[in-house]
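Structural features, examined
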Amino acid sequence: MWAITEAEGLLELCVAPAPNVVTGCPPKARDESQDCKYLWAVGTDTVPYALEHGDNRNHLSRGYLSHTNLTGGKPAHAGGEMWFIDNTTLVFNGASSRYQPRGLQELDSLAKAFKQCAYKVAHMGWDDGCGRPARILRGEPEWI
Amino acid sequence: MDMKPSHKDARDIEEIFGVAYEDGLTFEEAALKSDRLFVRSQDHLAFDNETANGVRLSAYQALTIFGPKKLREIVDYGSAIIPVSCSEPAASIKQRRESLGLSTALVAKKAGVTEEDVLNAEDLNRRNSMQALCRIAQTLCMDDMAIAFHPTEQNDTEFAYRLRDRGTLAGSRKQLTLGLNEAAWVIKKQLELSAPNRSAILQRFEPSSIYGDKNYPVWKQGYYLAEKTRELLDLGHDPIQSIRGLLEKKLGIPLVQLELPDSVAGGTVSFDQGRGIFLNINGGNNEVGVRRFTLAHELGHLLWDPDQKLRSIIVDEYKILEPTQTLDDQVYHDFVEARANAFAIEFLAPGKKVEAAFRSESSASAGLKKVMEIFGLSYTAARFHILNSCKTIDLEQLTSTGCSVSSDWQAQESFTIDFFKPESVPFSRRGRFAYEVVMAEEMRKISTNAAAIWLGCSTQEYQKDKETIKSLFA
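Let us look at the structure shown here. Note that the coordinates shown come from a computational prediction; the quantities given were computed from them, not determined experimentally. (Residues numbered from 1 in each chain as written. Chains lettered and ligands numbered in written order. Predicted model: local features only at pLDDT ≥ 70, side-chain atom pairs only at ≥ 80, totals over all residues. Heavy atoms only, no water.)

Observations regarding the overall build of chain B
This is how the line gets drawn: To qualify as a helix, a DSSP run of H or I must reach at least 4 residues; to qualify as a strand, a run of E must reach at least 2; elements of each kind are numbered from the N terminus. Burial here depends on accessible area, computed with a 1.4 Å probe over protein chains only, as a share of the maximum for the residue type. Under 20% is buried, over 50% is exposed, and the range in between is partly exposed. Contacts are assigned to residue pairs with any non-hydrogen atoms lying within 4.5 Å of each other. Method for areas: the Shrake-Rupley scheme with a 1.4 Å probe, in which residue coverage is limited to the protein chains shown.
In terms of regular secondary structure, chain B is built from 22 helices and 8 strands. Within chain B, the fraction of its 474 residues that count as buried is 58%. A separation of at least 24 residues holds for 68% of the contacts in chain B among residues at least 6 apart in sequence. Accessible surface computed for chain B: about 19700 Å², of which carbon and sulfur atoms make up 48%.

Here it is as structure tokens:
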């Protein structure tokens, strides 16, 4: 499994502020905020993240980033999508086919972990209707 | 939607539908072969899973509603985002309800949900139960399974206004509007379900914009169209044993029976996909002769009225259908209705045959009874038709006491609503619509869950009684 490199835009989430991130609003409908969307994963030692779309993505198997391109296919605790409203404020979800969080509690735990890194954090919640993490916001973010 | 797979799509077919790719297999074919179910909520679509409490869709439903790109999104992210904008489905639901002039309380009552459910559905900050959204959408004649995926179209709003305007015909205006919505929803859904197997016979009919003039009375055109219809359907001049059977089985026309305010007899609805008929089971239609006349009248609209005359929906009151004068004496205010009335009587009972049947009896009252019996006409319709066909008769001669159409006609035209199971299914969905739903479910075009939702019963009830439904229409 192809893992991207730092040169290809791979970043590691550390204590806020996040340097040089592309900022934008989290989506409230389909096809919104695609150009500022990051994928993230909580690996065994680090939290890699990278812009999903952009330069240097055409060589990837689906033409844009997947979570396994962050981890090299290795195990990870969780993964999803993420938007930086500014370099200290982020909203994330658990949209990953491979590393999907198992429930609302896990999303809450992840949010607390990100908060401990000095970020203002909200997640998009859990959609009981389809038994999956929500991928769009309904209403305003609920900050942890 | 391009359903022909490319090389990359072959991988998609396997990952989306769990079906091994074979050369030439299309997305649609793969979806119909697939055992995989999908589940949708207000905002997302995902592969079915135990924790989800949304509405289950068959692979074919998911594909035809959302397209292969959305289904690929599920493989990549675990779910796909449905709403076209942040205001959906709230904005469409509210706009539709207001266009129809209905209160949240009335919609809630008809949909079988709480008023809070309706208010929440109109709140764009809420994530609502898909089951409640389906009920509300059906009540407002919206596409329940696709809700939020498309923006509201102008055509939909105009149609809603027409439904609301037709609702002013009767005393209980809002009840009628709700009834018309229900009828329109069932007709539209049945047209969609039956589209692949629909009879080509209807294509033989070219709507006619001739409604008569000073030298050519409208009833003559109605008679001409009745004769033409019999010719195109190869019916000869024999009595029509079951007008319901002709509509539903031979012509594949959706026919919805439902409870409407007493003054309404029936009506005709037109969509892009086709046309359908609804019939009030209350009031005069309880008498089989009246019911046959109402159906024939609506058939006249459906087959022959151009779209601009039909204007999406026609609602007919009993008083419009009731003959009170001879054809030559009538002063027509509505030529569309006059033509449909003339069509109906001549279609059910060709004039020449009527005269022969009437004159074969020794007395006028016996002749009247014979005409009613042979052609399945109501007392009133038979009287005026004899009068119009046999010019030498006086109306006073055409009387009979205790005269009604025999029970044989009743059996031939009987509704399926009385002995239908499951009993929780509303009257409006107990017609051939129910059969089309079962067949679509068996062909995997829709899920069992969707079939139950469309019939308005529980999944358990549906599974228990679906063989009975099939047997009713086999």
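Describing the nonpolar core
Residue and element names in this part refer to chain B. Spelled out, the test is: Definition of nonpolar core: a set of buried residues of the types Ala, Val, Leu, Ile, Met, Phe, Trp, Tyr and Cys, connected through side-chain atoms within 4.5 Å.
Of all hydrophobic cores here, the largest spans 86 residues; its most connected members are Phe17, Phe38 and Phe278. The dominant element in this core, judged by the number of residues it contributes, is helix 9 (residues 173-194), at 10 residues. Membership of the second largest hydrophobic core comes to 51 residues, among which are Ile243, Leu247, Phe343 and Ala344.

A short note on the sheet that holds strand 1 (residues 37-40) of chain B
Residues and elements named next belong to chain B. How we decide: Strand pairing is assigned whenever DSSP identifies at least 2 bridges connecting the two strands.
If you walk across this open sheet you meet the 4 strands as 3-1-2-4, and the pairing is antiparallel. Two strands in the sheet have a free side with no partner beyond their single neighbour: strand 3 (55-58) and strand 4 (80-81). With 2 bridges joining them, strand 2 (residues 44-47) and strand 4 adopt antiparallel strand pairing. Residue pairing across strands places leucine 45 opposite alanine 80, the latter belonging to strand 4.

Side note on the interface of chain A and chain B
This is how it is decided: Here's the idea: put two parts together, see how much 1.4 Å probe accessible area each one loses, and the total over both is what we call buried area. Each salt bridge in this description consists of a side-chain nitrogen of Lys or Arg and a carboxyl oxygen of Asp or Glu lying within 4 Å of one another.
With 27 residues of chain A in contact, the opposing surface of chain B contributes 34 residues. Together, the buried faces of chain A and chain B total about 2400 Å²; carbon and sulfur atoms form 46% of this surface. Counting across the interface, chain A meets chain B through 2 salt bridges. With its nearest N and O atoms 2.7 Å apart, the salt bridge here joins B:Glu73 to A:Arg135.

Quick word on the packing of aromatic side chains
Selection criterion: Aromatic rings from Phe, Tyr and Trp, with only the six-membered ring used for Trp, were paired whenever their centres fell within 6.5 Å, and each pair was classed as stacked if the ring planes differed by under 30 degrees, edge-to-face if by over 60, and tilted otherwise. Counting as a charge over the ring demands two things of the Lys NZ or Arg CZ atom: a distance within 6 Å of the ring centre and an angle within 35 degrees of the ring normal.
Taken as a whole and assessed by the stated rule, the structure comprises 15 aromatic pairs over all chains. With centroids separated by 5.7 Å and ring planes inclined at 45°, the aromatic side chains of A:Tyr49 and A:Phe84 adopt a geometry described as tilted. Of this pair, A:Tyr49 sits in strand 3 (residues 48-51) while A:Phe84 sits in strand 4 (residues 78-86), and the two are 35 residues apart along the sequence. Accessibility expressed as a relative area gives 1% for A:Tyr49, which makes it buried. Put simply, the rings of A:Tyr38, A:Tyr49, A:Phe84 and A:Tyr119 touch in pairs and so form one group of aromatic residues. If you follow A:Arg30 out to its NZ or CZ, it ends over the ring of B:Phe149, 4.2 Å from the centre. For A:Lys120, the ring lying beneath its charged end belongs to A:Trp143, and the centroid distance is 4.6 Å.

A word on the pattern of salt bridges
For the coordinates displayed, the defined rule picks out 34 salt bridges over all chains. One salt bridge in this structure joins B:Asp307 and B:Arg275, with 2.8 Å as the shortest N-O distance. Taken together, the residues B:Asp307 in helix 13 (residues 307-310) and B:Arg275 in strand 7 (residues 274-280) connect sequence positions 32 residues apart. For B:Arg275, a relative accessible area of 15% gives the class buried. Taken together, the shared-partner salt bridges connect A:Lys37, A:Glu52, A:Glu81, A:Arg135, B:Lys70 and B:Glu73 into one network.

A closer look at helix 3 (residues 59-77) of chain B
Residue and element names in this part refer to chain B. To be explicit about the condition: To estimate the expected span of a helix, subtract one from its residue number and multiply by 1.5 Å. We define the bend at each residue as the angle formed by axes fitted to the 7 residues ending at it and the 7 residues starting at it.
The end-to-end C-alpha distance of helix 3 is 18 Å, clearly below the 27 Å that 19 residues give at a rise of 1.5 Å each. When the local axis directions of helix 3 are compared, the greatest deviation, roughly 110°, occurs at glycine 67, which is followed within four positions by the proline proline 68. Burial analysis of helix 3 places 17 of its 19 residues in the buried class, which makes it a mostly covered element. Looking one or two residues beyond helix 3, the residue adopting positive phi is glycine 78, at roughly 90°.

Notes on helix 18 (residues 379-389) of chain B
Residues and elements named next belong to chain B. A large share of helix 18 lies buried, amounting to 9 of its 11 residues. Those residues of helix 18 that sit buried are Ala381, Ala382, Arg383, Phe384, His385, Ile386, Leu387, Asn388 and Ser389. Those residues of helix 18 that are buried are in contact with helix 10 (218-232), helix 15 (335-348), helix 16 (351-359) and helix 17 (364-375).

Here we look at the sheet that holds strand 5 (residues 255-258) of chain B
Residues and elements named next belong to chain B. Under the convention used in this document: Orientation is described by lines fitted to C-alpha atoms, with helices fitted over the stretch in contact, and by angles between N-to-C directions that extend from 0 to 180 degrees.
The strand order across the open sheet formed by 4 strands is 5-7-6-8, and the pairing between neighbours is mixed. Looking along the sheet, the strands with just one partner apiece sit at the ends: strand 5 and strand 8 (313-317). Within the sheet, the average angular offset between the axes of one strand and its neighbour, ignoring direction, is 15°. Note that strand 6 (residues 264-271) and strand 8 share 5 bridges and pair antiparallel. Bridging from a neighbouring strand, glycine 267 pairs with valine 315 of strand 8.

Points about the pairing of strand 6 (residues 120-123) of chain A
If a strand is regular, its side chains alternate between the two faces of the sheet. All names here are of chain A. Inclusion rule: By convention, a crossover is right-handed whenever its connection, traced from the first strand over the helix to the second and viewed with the strands pointing away, goes clockwise.
One ladder, built from 4 bridges, connects strand 5 (residues 89-92) with strand 6; its direction is parallel. In the sheet register, phenylalanine 92 faces strand 6, and the bridge partner there is histidine 123. As for the winding sense of the linkage, the β-α-β connection from strand 5 through helix 2 (residues 104-116) to strand 6 is right-handed.

Considerations on the side chain of B:Glu441
All names here are of chain B. Selection rule: Nitrogen and oxygen atoms within 3.5 Å of one another constitute a polar contact, given that in protein one can donate a hydrogen and the other can accept it, and given that sequence-neighbouring residues count only through two side-chain atoms.
Mapped onto the fold, glutamate 441 is located in helix 20 (residues 432-442). In terms of polar contacts, glutamate 441 uses its side chain to reach the side chain of tyrosine 462, at 2.9 Å. Once residues within four sequence positions are removed from consideration, glutamate 441 is found in contact with Ile446, Ser447, Thr448, Ala451, Tyr462 and Lys466.

Thoughts on the packing of helix 16 of chain B against helix 18 of chain B
Residue and element names in this part refer to chain B. What counts is decided by this rule: Here roughly perpendicular refers to angles of 65 to 115 degrees, roughly parallel to angles under 35, roughly antiparallel to angles over 145, and oblique to all remaining angles. Note on residue classes: Ala, Val, Leu, Ile, Met, Phe, Trp, Tyr, Cys and Pro are nonpolar, Asp, Glu, Lys and Arg are charged, and everything else, Gly too, is polar.
Between helix 16 and helix 18, the shortest axis-to-axis distance is 9 Å and the interhelical angle comes to 100°. Between helix 16 and helix 18, the angle falls in the class roughly perpendicular. Of the residues in helix 18, those in contact with Gly351, Val354, Glu355 and Phe358 of helix 16 are His385, Ile386 and Ser389. Class assignment of the residues belonging to the contact of helix 16 with helix 18 gives a composition of 3 nonpolar, 3 polar and 1 charged.

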